[in-house]
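Close look at the chain arrangement
In case you want the letters, here they are:
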Amino acid sequence: MDDRRVVKVSKYLSRHLRHDPQRIGIELDAQGWVDVDVLLAALERQRFRVTRAELDEVVERNDKRRFTIRDGRIRANQGHTVEVDLGLEPLDPPAELFHGTAEGFVDAIRAEGLKAMARHDVHLSPDYATAVRVGSRRGRPVVLVVDAAGMAAEGHVFFRSDNGVWLTESVPPWAIAFPE
Ligand code: HQG
């Protein structure tokens, strides 16, 4: 598959495995899984034809390992807006984590901290470069440094998704260092 097709299929899967499964007539279980065969049949009905080999390739080659296939089922690793319980165990975070955002959001974040917005959790990156990429999706990127260890000491709970994104419910202003 060429890169454009991989991205196109990945976006289509993200939409329906994270946000809007009913749009293509599928149902996710409580942990976000759906049978691969059920998904492929639904895609066929939508005339968005994807073969099993292509699906495997998208899961394999996806730049952020957004999906997992296990025991004949598939799910998105994180980023849901529909209710799912990913079954992640709380984990001690590293001392610092990073959040990439856009310039226009900085004043609001200074005032109220980071909020999950439409998703279930605030997404934090383990490294600076990833945060730059995340922030660039929305404009000129600004990278915030989060005092994750300090938050954990105050009782905030952290999780790490199967693709290495750190998740937490919210980040208070005191735990955020803003660039000069
Ligand atoms: C901002 C992508 C105003 C926040 C990425 C962000 C990531 C606030 C936006 C993953 C705010 C929400 C998640 C506040 C937060 N006031 N703005 N109090 N608190 N924000 O997309 O972190 O391609 O829901 O900074 O790579 O940008 O989907 O979160 O800009 O890993 O796999 O509100 O999504 O991955 O945006 O991105 P999002 P995000 P995928």
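Residues numbered from 1 in each chain as written. Predicted model: local features only at pLDDT ≥ 70, side-chain atom pairs only at ≥ 80, totals over all residues. Heavy atoms only, no water.

Cut-off, in case you're wondering: UniProt positions are given in the numbering used here, feature names are shortened, and annotations may be inferred rather than shown by experiment.
Per an unreviewed UniProt entry, the recorded name for the chain is Probable RNA 2'-phosphotransferase, and the organism is Glycomyces artemisiae. UniProt lists a comment for the chain under the heading Sequence similarities (unreviewed entry), and it reads "Belongs to the KptA/TPT1 family." A UniProt comment under Function (unreviewed entry) is attached to the chain, and it reads "Removes the 2'-phosphate from RNA via an intermediate in which the phosphate is ADP-ribosylated by NAD followed by a presumed transesterification to release the RNA and generate ADP-ribose 1''-2''-cyclic phosphate (APPR>P). May function as an ADP-ribosylase."

1. A look at the sheet that holds strand 1 (residues 34-35)
Keep this limit in mind: Whether two strands pair comes down to DSSP finding at least two bridges between them. Secondary structure elements follow DSSP: runs of H or I no shorter than four residues count as helices, runs of E no shorter than two count as strands, and numbering proceeds from the N terminus.
The sheet built from three strands is open, its strands ordered 1-3-2 with antiparallel pairing. Single-partner strands in this sheet number two, and they are strand 1 and strand 2 (67-70). Sheet topology note: the strand 2/strand 3 (residues 73-76) ladder contains four bridges and is antiparallel. The partner of Ile69 across the bridge, within strand 3, is Ile74.

2. Some points on the site of the ligand
This is how it is decided: Only heavy atoms are used to decide nearness, and a residue is near a molecule or strand if one of them lies within 4 Å of it. Each polar contact in these results corresponds to two N or O atoms within 3.5 Å; when the atoms are within protein, one needs to be able to donate a hydrogen and the other to accept it, and residues that are neighboring in sequence are counted only if both atoms are side-chain atoms. Per-residue accessibility takes into account occlusion by the displayed protein chains alone, with areas from the Shrake-Rupley method and a 1.4 Å probe. Classes in brief: Ala, Val, Leu, Ile, Met, Phe, Trp, Tyr, Cys and Pro nonpolar; Asp, Glu, Lys and Arg charged; the others, Gly included, polar. How far each domain reaches was decided by an automatic or database domain assignment.
For the ligand, the set of nearby residues contains 18 residues, the closest of which are Lys64, Arg66, His99, Thr101 and Arg138. One nitrogen or oxygen atom from the side chain of Arg18 is found 2.7 Å from an oxygen atom belonging to the ligand. Glu112 is positioned with one of its side-chain polar atoms (N or O) 2.9 Å from a nitrogen atom of the ligand. Compared with its free state, where it exposes 780 Å², the ligand has 90% of that area covered by protein. Elements with a minimum of two residues in the shell around the ligand: strand 4 (96-102) and helix 4 (106-112). For the shell around the ligand, the leading source of residues is helix 4, giving three residues. The residue inventory of the shell around the ligand, partitioned by class, reads six nonpolar, four polar and eight charged. Each of domain 1 (3-76) and domain 2 (96-177) contributes no fewer than three residues to the shell around the ligand.

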